[in-house]
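Descriptive structure summary
Take a look at the letters that make up each chain.
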Amino acid sequence: MRIKTEKKYTDLLLIILLGLIPLTWFREGYNALAGFDFAVYLNPVETLKKSYYLWSDMMAGGYDISHEVSSVPYYFLFSLPVLLGSSLYTAEKVVFFVIFVLLGLSMYYMLSVFFEKNEARRAMAVTGAVIYTLSYPVMAHFGRGNMMALLTYGLLPFLLGLLRLGYSRPEKKWKYIMLISLLSIPVSATKGHPADFVVL
């Protein structure tokens with residue numbers, strides 16, 4: 001059972017509006033939104049460039065930073081607004097908005113795939129998207145500023161939806177293998193937090 005296009009646009013609008021919620025957390029007169037374990041990069045572009053290398057001479061006289069390669073997708077997301085001329089504070093707003101919308105869209109997609117033949121598919125997908133976006137684990141990560149984990153939370157339902165389609169449509173398996181492989185790259189931004197997968 002397909003969801004009509006006009007209804008999909010309505011659902012999409014609702015999820016985008018949900019993405020505006022984090023913008024209410026910002027206050028004028030500040031230069032950055034910080035918190036416990038918050039990944040605020042005073043120069044996101046330099047942080048992105050640093051992650052291309054396996055060694056840094058800026059930490060403890062020399063330090064292996066090979067794990068930083070997995071964070072390139074997140075660093076790029078943070079750097080892009082700055083490269084386009086925005087301030088650090090505006091870049092943070094963009095990152096918060098994008099990740100919040102991503103959370104809703106990915107869960108909407110996953111539930112639409114898993115309950116493809118269910119008559120209540122649309123209601124389940126919209127309700128699941130809202131609940132997932134505002135769920136305790138997600139909000140707790142926002143509260144402590146673990147944005148890389150949130151990027152993983154935002155992409156993992158997409159990955160699970162693609163996995164489901166790959167199993168149900170074996171004639172297109174290579175298409176889904178490629179998509180899952182590509183999606184695994186930004187998902188790896190969780191780096192040293194594999195336990196985040198367990199919560200989902």
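Residues numbered from 1 in each chain as written. Predicted model: local features only at pLDDT ≥ 70, side-chain atom pairs only at ≥ 80, totals over all residues. Heavy atoms only, no water.

Topic: the overall build of the chain
The test is simple: Per the convention used, a helix needs a DSSP run of H or I reaching at least four residues, while a strand needs a run of E reaching at least two, with both numbered from the N terminus. Only protein chains enter the area calculation, which uses a 1.4 Å probe; residues under 20% of their type maximum are buried, those over 50% are exposed, and those in between are partly exposed. In short, Shrake-Rupley with a 1.4 Å probe defines the accessible areas, and a residue's cover is counted only from the protein chains shown.
A count of helices and strands for the chain gives nine helices and two strands. Taken from the N to the C terminus, the helices and strands of the chain come in the order α-α-β-β-α-α-α-α-α-α-α. The proportion of buried residues among the 200 residues of the chain is 42%. When the accessible surface of the chain is split by element, carbon and sulfur atoms take 67% of a total near 11400 Å².

Details of the confidence of the model for the chain
Threshold: Confidence scores here are pLDDT values: one per residue, from the predictor, ranging 0 to 100. Only heavy atoms enter the contact rule, under which two residues are in contact if any of them lie within 4.5 Å.
Across the chain, the average pLDDT comes to 80, with 84% of residues at 70 or higher. Averaged over each element, pLDDT in the chain is lowest for helix α9 (residues 195-199) (47) and highest for helix α5 (residues 121-133) (91). Taken as a whole, residues 194-200 scores under 50 in pLDDT and shows 14 contacts with residues more than four places along the chain or in a different chain.

Some points on a nonpolar patch on the surface
Note the threshold: Residues enter a patch when their relative accessible area is above 30% and they make no salt bridge; the linking distance is 9 Å between like charges and 5 Å between nonpolar side chains (Val, Leu, Ile, Met, Phe, Trp, Tyr). A pair is scored as a salt bridge if a Lys or Arg side-chain nitrogen falls within 4 Å of a carboxyl oxygen belonging to Asp or Glu.
A contiguous nonpolar patch, built from F114, F115, L160, L163 and Y167 and spanning about 480 Å² of accessible area, is present on the exposed surface. Ranked by residues supplied to the nonpolar patch, first place goes to helix α7 (residues 147-168) with three residues. Within the element layout of this structure, Y167 appears in helix α7. The exposure class of Y167 is exposed, given its relative accessible area of 67%.

Re the side chain of S106
As for its placement among the helices and strands, S106 is situated in helix α4 (residues 88-114). Each residue touching S106, except ones within four places of it in the same chain, is listed here: Y132, Y153, G154, P157 and F158.

A closer look at the nonpolar core
Heads up, the rule is: Among buried residues, those of type Ala, Val, Leu, Ile, Met, Phe, Trp, Tyr and Cys that are joined through side-chain atoms within 4.5 Å constitute a nonpolar core.
Core analysis: the biggest nonpolar cluster contains 41 residues, and Y74, V95, I99, L103, F142 and M147 have the highest contact counts within it. Among the secondary structure elements, those contributing two or more residues to this core are α3 (72-83), α4, α5, α6 (136-144), α7 and α8 (173-187). Per element, the largest residue contribution to this core is 15 residues, and it comes from α4.

A few points about the packing of aromatic side chains
Applicable threshold: Under the pairing criterion, centres of Phe, Tyr and Trp rings, with the six-membered ring standing for Trp, must be within 6.5 Å; the plane angle then separates stacked pairs below 30 degrees from edge-to-face pairs above 60, leaving the rest tilted.
Inspection of every chain in the model, using the stated rule, returns eight aromatic pairs. With a centroid separation of 6.1 Å and 80 degrees between ring planes, the pair formed by W25 and F96 is classed as edge-to-face. Taken as a pair, W25 in the loop between α1 (5-18) and α2 (44-50) and F96 in helix α4 lie far apart in primary sequence, 71 residues in all. For W25, a relative accessible area of 30% gives the class partly exposed.

Some remarks on α6
Note the threshold: Regarding the arc, it is the one traced by the directions from the helix axis to the C-beta atoms.
Along α6, the residues classified as buried are V138, H141 and F142. End-on, the buried residues of α6 take up no more than an arc of 100 degrees, which puts them together on one face. More than 90 degrees from the buried face of α6, the exposed residues found are Y136 and G143. Looking at the residues trailing α6, positive phi occurs at G145, about 75 degrees.

Thoughts on α7
For clarity, the threshold we go by: Helix span is expected to be 1.5 Å times the residue number reduced by one. We define the bend at any residue as the angle between the axes fitted to the seven residues before and including it, ending there, and the seven starting there.
Here α7 is 22 residues long and its end C-alpha atoms lie 33 Å apart, about the 32 Å a rise of 1.5 Å per residue gives. At L155, α7 shows its maximal bend, which comes to roughly 30 degrees, and the proline P157 appears one to four places after that position. In terms of burial, α7 is largely enclosed, as 16 of its 22 residues are buried.

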